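Observations on chain architecture
As a plain string of letters, each chain reads:
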Amino acid sequence: MTRIDGHLLDQRRTEAGEHHEAFAALFDPTTFRHLEALGAGPGWRCWEVGAGGTSVVSWLAKKVGPTGRVVATDIDTSRLTPVARPPVEVHLHDVGKEAPPGESFDLVHARHVLVHVPDREGALRSMVKALRPGGRLLIEDADPALQSLLCPEEYGPEQQLANRLRQGFRQLLADRGADLSYGRRLPRLLREAGLRRVEADAYFPLTSPACADLETATIRQIRPRLVAAGLATDRDIDRHLANVASGAIDLATFPMISAWGRKE
């Protein structure tokens, strides 16, 4: 299969809202815990890269208050309209191609962004450049190759089908230039970018209602691409969605690696 550029999960599809809600339910607690530990507070200047949805932006806006600033950027800002008011600024921006939307940020954060950016090294340099001395960078990204199974316990036909469709999803990601083992490299990449006090951890939910919601929204979003690529049939997908809806199978997500450090 040949490489196709572009984000696999089309934000213009109706399922995108469901995807964002499930994604936030799964990963916001981990993200907020890290942002809290990094000290985000009143008066901070923050850049939320590839914001997509509103949950992290809204959380940061409450933390920085009226004296702070939250710059939320993405290649599609349609879902950011509800939060586009002070202290939040919303800008159309491609972190892999354009200069930072300012400098001297106290905090720069990106979640599940760089894995999809063709020029990941350039994007990371851009984010480090945007920090003030002593500023914090938090990058959170997936590592699909670290744990490739949707159902870690594959004991029946339902789990086998789920894992086959997950393999198809991974194939579509790879065809679009996603780095399926990017997350594990984040600590080293942050050190090489000149950051200090680099630390990292991983979050890997094994089963929850939000895991099922995320899987349903994701499969519905990529269904036409799975079928067009010959990776699944409509019958396969209908059966899998019914299995997920039954609540009888345990679904995992890709592990999310969080890595953070300070600029000298």
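Residues numbered from 1 in each chain as written. Predicted model: local features only at pLDDT ≥ 70, side-chain atom pairs only at ≥ 80, totals over all residues. Heavy atoms only, no water.

What follows is about the overall build of the protein. Each helix and strand in the protein was counted, giving seven helices and seven strands. When the helices and strands of the protein are placed in sequence order, the string is α-β-α-β-β-β-α-β-α-α-β-α-α-β. At 18 Å, the protein has a C-alpha radius of gyration in line with the 18 Å of a compact globule built from 264 residues. Along the first, second and third principal axes, the C-alpha set of the protein runs to 55 × 35 × 30 Å. Here the protein holds 264 residues, and the buried ones make up 54% of them. Taking the intrachain contacts of the protein between residues at least 6 apart in sequence as the baseline, contacts between residues at least 24 apart amount to 76%. When the accessible surface of the protein is totalled, it reaches about 12,000 Å², and 51% of it is carbon and sulfur. Of the side chains in the protein, 34 bear a positive and 35 a negative charge, and the two mean positions are spaced by 4 Å. (Helix = DSSP H or I, 4+ residues; strand = E, 2+ residues; numbered from the N terminus. Rg over C-alpha atoms; globule rule 2.2 N^0.38 Å. Buried < 20%, exposed > 50% of the residue type's maximum accessible area, 1.4 Å probe, protein only. Contact = heavy atoms within 4.5 Å. Areas by Shrake-Rupley, 256 points an atom, 1.4 Å probe, with all protein chains shown as cover. Lys, Arg positive; Asp, Glu negative; His and termini not counted. Charge placed at Lys NZ, Arg CZ, Asp CG, Glu CD.)

As a further point, take the sheet that holds strand β5 (residues 131-142). Read across the sheet, seven strands follow the order β3-β2-β1-β4-β5-β7-β6 without closing on themselves; strand pairing throughout is mixed. With partners counted over all chains shown, the strands left at the sheet margins are β3 (88-92) and β6 (195-203), one partner each. In this sheet, adjacent strand axes meet at a mean angle of 15° when their direction is disregarded. As judged from the five bridges shared by strand β1 (residues 45-49) and strand β2 (residues 69-74), these two strands associate in the parallel manner. The partner of Glu48 across the bridge, within β2, is Ala72. Strands in contact with helix α2 (residues 55-64) are β1, β2, β3 and β4 (105-111); relative to β2, the strand with the most contacts, it is inclined by about 165°. Across the face of the sheet, helix α3 (residues 120-129) comes into contact with β1, β4, β5, β6 and β7 (256-263) while running at roughly 145° to β5. (Pairing = 2+ DSSP bridges. Axes fitted to C-alpha atoms, helices over the stretch in contact; angles between N-to-C directions.)

The next thing to look at is the nonpolar core. Judged by nonpolar contacts, the single largest core of 42 residues is most densely connected at Trp47, Val108, Met127, Leu137, Ile139 and Leu190. Element by element, the count of residues in this core is highest for helix α4 (residues 157-175), at five residues. With near-sequence residues (within four places) excluded, Leu137 lies in contact with Val108, Leu124, Met127, Val128, Leu131, Leu190, Leu195, Ala259, Trp260 and Gly261. Counting residues in each nonpolar core, the second largest holds 21 residues, with Leu35, Trp44, Trp59 and Leu138 among its members. (Core = buried A, V, L, I, M, F, W, Y, C linked by side-chain atoms within 4.5 Å.)

Let us now look at the pairing of β4. Looking along a regular strand, one sees side chains alternate from face to face of the sheet. For β4, the tally of buried residues reaches seven of seven residues, placing the bulk of the element in the interior. Relative to β4, β1 runs parallel, the two sharing four bridges. From the neighbouring strand, Trp47 faces β4, where its bridge partner is Val108. For β4 and β5, the ladder comprises six bridges, and the chain directions are parallel. Considered in β5, the bridge of Val108 is made with Leu137. In this view, the connection linking β4 to its parallel neighbour β5 by way of α3 has right-handed handedness. (Right-handed = clockwise from strand over helix to strand, strands pointing away.)

Take it as geometry only, folks, not as evidence of what the structure does.
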